[in-house]
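Inside the fold
One-letter residues, chain by chain:
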Amino acid sequence: MVSGGRRAPIRPHRDRAGTGRRGGGRGRPRGAARGRGGPPAGLGGHRAGPGPARPACDRRPAGAAARPVRACGRVRAVRRARGGGGRPAAAAGTGRGQRGGAGGAAACPSREAGAVGCPLRGCRPQVEESVLTIGKFHNVVKLVAFAPFKSAQSALENINAVSEGILHEDLRLLLETSMPAKKKKALLGVADAKIGAAILEELGYQCQTGGVVAEILRGIRLHFHALVKGLTAQSASKAQLGLGHSYSRAKVKFNVNRVDNMIIQSISLLDQLDKDINTFSMRVREWYGYHFPELIKIVSENYTYCRLAKFIGNRKELSEESLEGLEEIVMDSAKAQAILEASRSSMGMDISPIDLINIESFSSRVISLSEYRKGLQEYLRSKMSQVAPSLSALIGEVVGARLISHAGSLTNLAKYPASTVQILGAEKALFRALKTRGNTPKYGLIFHSTFIGRAAAKNKGRISRYLANKCTIASRIDCFSEVPTSVFGDKLREQVEERLAFYETGEPPRKNLEVMKEAMVEANEVVAEVKRKQEKKEKKKKKREKRRLEALAAAAEEMEDSVLEAEENDTEPVKKKKKKKEQEPLSEPEENGLEEDALPKKKRKLMGEAAQLEKKKKKAAKDLEED
């Protein structure tokens, strides 16, 4: 055995007094009578042998004889339970273990005052032992009040409030009705320190977290189905699973128009496409260079070279007629003429048709990848204008997306200080400089912005610090603003421009306070305009929906009227026929069958009227959709 981090001896070590303690303690363990051994295990004392000097709950002076702790604590607990003084403890559960409307908030005062009643004086091993069985746990905790959740939505609202450290009205009502009136004499045990601080601030009850409170709450969760009548373990587990799923879904929900995950994937794909297109273009250059090597010197751009390789094909077939097509690709008549002349005097080898087909096919693949990259860049620009408009206006869409991708999310980037944003992307250089005690890097990913390239060599570090500061402000505005706008990004960009001019010419820039006041005024105007447009859209949508419902109701009424009319028309001829049959004798049916065909004609007429009504309904629905 190992006790206190040291190896225990094989035989128990006894001190001079024979108390079974190590280290020369003076008195006997609490609860031990003179001339006798200590109390049995679990009653506050300790057996002879290695172990701690005295339990955590022992605060008596050494050498004083005492009664067993359990008996003493039970007497005090009974007195308090009968309405005597003292400090009863309560463990407030928020129903987190009971899900989907089956759970609720519960108040459970502790009976074991000596060991559990006050968590500051609690003895944790005794509580852990009592939690294991329901019989012992009933001796420690008693359920006094239980407020079940009204619905699954109510349970979700309560658990969201607890996770955010907000005191919900349901929990407030339970505590106000169940807790004692004398707040100073009550001690409330809670699982989360945030909700404990909220309860202390709003209701004034002292709260305790951790230690013995955690063990009591663990026992309540374990035996909750036995404490609450009519609740089974199976229904409790189903409720837990239901609320767990709904809580996770509520936490994962976000605005689909402001998703930074798409930006992270887009910028990663963009970088990968750049590498792949560069590799494939070099392969096309090398492959087609065997046939037309002079083209490499005339055209340097990869995308244009692949288009020319696909257009030219066999250089021997290039003539004056294809000059117009060459000018359309290279956008320069002089280059097109140079390509035509080089094809006539080229030193390249001849190429077979099958090789030429493969080169053209591969060139078309590279061209399609380049075109897809352009579309992806436009998509990234549009997403950045929705998610981080200020950051993209300040530093550009690509660099801003790289910062978000490297940080992991826009929220993480907003949490970073400016010093971290400045060297974001240069971690290897930073740690190498710290290891070798060299100069630390001045910039990381923000080096790709235009500001650092425009600054002089001596001012690059200064402008990178300033730019990182503005990037941090912009990312926080984008992350925590309700309506995204690029007004702040434009103003911050103007400040960086003024700082660059100050470094070059010495002209003093405007103060930050003045710039931010102007930005706030403009941002409020933009937000008001956006909200006005949203309200107009909602009104139009409501009007369209109202018209659609009215049209459907009118069509339904017309349909009912037509059906009633058709039924009346069917019943009248039958009555006439009956009268005729009563007055006149029955006549034999004619051979041509005209009388037999009279009834099907009426049916056809009714079917035609129903078809016309259906057409009218469809036409009304189309008109509403066009509106």
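Residues numbered from 1 in each chain as written. Predicted model: local features only at pLDDT ≥ 70, side-chain atom pairs only at ≥ 80, totals over all residues. Heavy atoms only, no water.

- Per an unreviewed UniProt entry, the protein goes by the name Nucleolar protein 56 and belongs to Cairina moschata.
- Quoted verbatim from the Sequence similarities (unreviewed entry) heading of the UniProt record, the comment on the protein is "Belongs to the NOP5/NOP56 family."
- One UniProt comment on the protein, placed under Subcellular location (unreviewed entry), says "Nucleus, Nucleolus". (UniProt positions renumbered as here; feature names shortened; annotations may be inferred.)

1. Focus on the overall build of the protein
- Along the backbone of the protein there are 26 helices and seven strands.
- Each of the 627 residues in the protein was classed as buried or not, and the buried ones make up 36%.
- Sequence separation of at least 24 residues holds for 66% of the intrachain contacts in the protein that already meet a minimum separation of 6. (Helix = DSSP H or I, 4+ residues; strand = E, 2+ residues; numbered from the N terminus. Buried < 20%, exposed > 50% of the residue type's maximum accessible area, 1.4 Å probe, protein only. Contact = heavy atoms within 4.5 Å.)

2. Observations concerning the nonpolar core
- Membership of the largest hydrophobic core comes to 46 residues, with the highest contact counts inside it found for L391, L394, I395, I404, L413 and L467.
- If you tally residues by element for this core, the top one is helix α23 (residues 460-480), at seven residues.
- When near neighbours in sequence (up to four residues on either side) are disregarded, I395 contacts G400, L403, I446, S449, L467, C471 and R493.
- Judged by nonpolar contacts, the second largest core, of 24 residues, contains L323, I329, L356 and I367. (Core = buried A, V, L, I, M, F, W, Y, C linked by side-chain atoms within 4.5 Å.)

3. Overview of a nonpolar patch on the surface
- A cluster of nonpolar side chains, contributed by W287, Y290 and M349, occupies part of the molecular surface with about 340 Å² of accessible area.
- Mapped onto the elements, Y290 comes out in the loop between α11 (260-289) and α12 (295-298). (Patch = residues over 30% accessible without salt bridge, like charges linked within 9 Å, V, L, I, M, F, W, Y side chains within 5 Å. Areas by Shrake-Rupley, 256 points an atom, 1.4 Å probe, with all protein chains shown as cover. Salt bridge = Lys/Arg side-chain N within 4 Å of Asp/Glu carboxyl O.)

4. Describing the environment of R476
- Looking at the secondary structure, you find R476 in helix α23.
- Separated by 62 residues in the primary sequence, R476 and A414 place their C-alpha atoms 4.7 Å from one another.
- Excluding its chain neighbours within four sequence positions, the residues that come into contact with R476 are A414, K415, Y416 and P417.

5. Section: the packing of α23 against helix α24 (residues 487-505)
- One can describe the packing of α23 onto α24 by two numbers: an axis separation of 10 Å at closest approach and a directional angle of 170°. Regarding the angle of α23 to α24, the classification is roughly antiparallel. Contacts between α23 and α24 involve R462, I463, Y466, L467, K470, I473, A474 and I477 from the first element and F488, L492, Q495, V496, R499, L500 and Y503 from the second. (Axes fitted to C-alpha atoms, helices over the stretch in contact; angles between N-to-C directions. Parallel < 35°, antiparallel > 145°, perpendicular 65-115°, else oblique.)

6. Concerning the packing of helix α13 (residues 302-312) against helix α16 (residues 353-387)
- Direction vectors running N to C along α13 and α16 enclose 145°, while the axes themselves pass 9 Å from each other. Viewed along their axes, α13 and α16 form a crossing whose handedness is left-handed. In this structure, α13 uses Y303, C306, R307, A309 and K310 to contact α16, whose residues at the interface are E360, S363, S364, V366, I367, S370, E371 and K374.
- In the contact of α13 with α16, the residues fall into five nonpolar, three polar and five charged. (Left-handed = near helix turned anticlockwise from the far one by under 90°. Nonpolar A, V, L, I, M, F, W, Y, C, P; charged D, E, K, R; others polar.)

7. A short note on the pattern of salt bridges
- One pass over the structure, following the stated rule, counts 17 salt bridges.
- Where E286 meets R283, a salt bridge forms, and the shortest distance between an N and an O atom there is 3.4 Å. Within this pair, E286 and its partner R283 are both found in helix α11, separated by three residues, close to a single helical turn.
- We classify E286 as partly exposed; its relative accessible area is 44%.
- Across the pair E518 and K491 runs a salt bridge whose closest N-O atoms are separated by 3.4 Å.

8. Regarding helix α14 (residues 323-330)
- When α14 is considered as a whole, its buried residues turn out to be L323, G325, L326, I329 and V330. With its buried residues spanning 160° around the axis, α14 presents them on a single face. Away from the buried face of α14 by more than 90 degrees, exposed residues E324 and E328 are located.
- On the buried face of α14, the contacting elements are α13 and α15 (333-344).
- A positive backbone phi angle near 60° is found at M331, which sits one or two residues after α14. (Arc of directions from axis to C-beta.)

9. Quick word on the packing of aromatic side chains
- For the structure shown, the criterion picks out seven aromatic pairs.
- Here the aromatic rings of F280 and F362 are separated by 5.8 Å at their centres, their planes lie at 70°, and the arrangement is edge-to-face. Separated by 82 residues along the polypeptide, F280 in helix α11 and F362 in helix α16 bring together distant segments of the chain.
- A relative accessible area of 31% means that F280 is categorised as partly exposed.
- The exposure class of F362 is partly exposed, given its relative accessible area of 21%.
- Ring centres 6.4 Å apart and planes at 50° place the aromatic pair W287 and F362 in the tilted group. Of this pair, W287 sits in helix α11 while F362 sits in helix α16, placing them 75 residues apart in sequence. (Phe/Tyr/Trp six-rings, centres within 6.5 Å; stacked < 30°, edge-to-face > 60°.)

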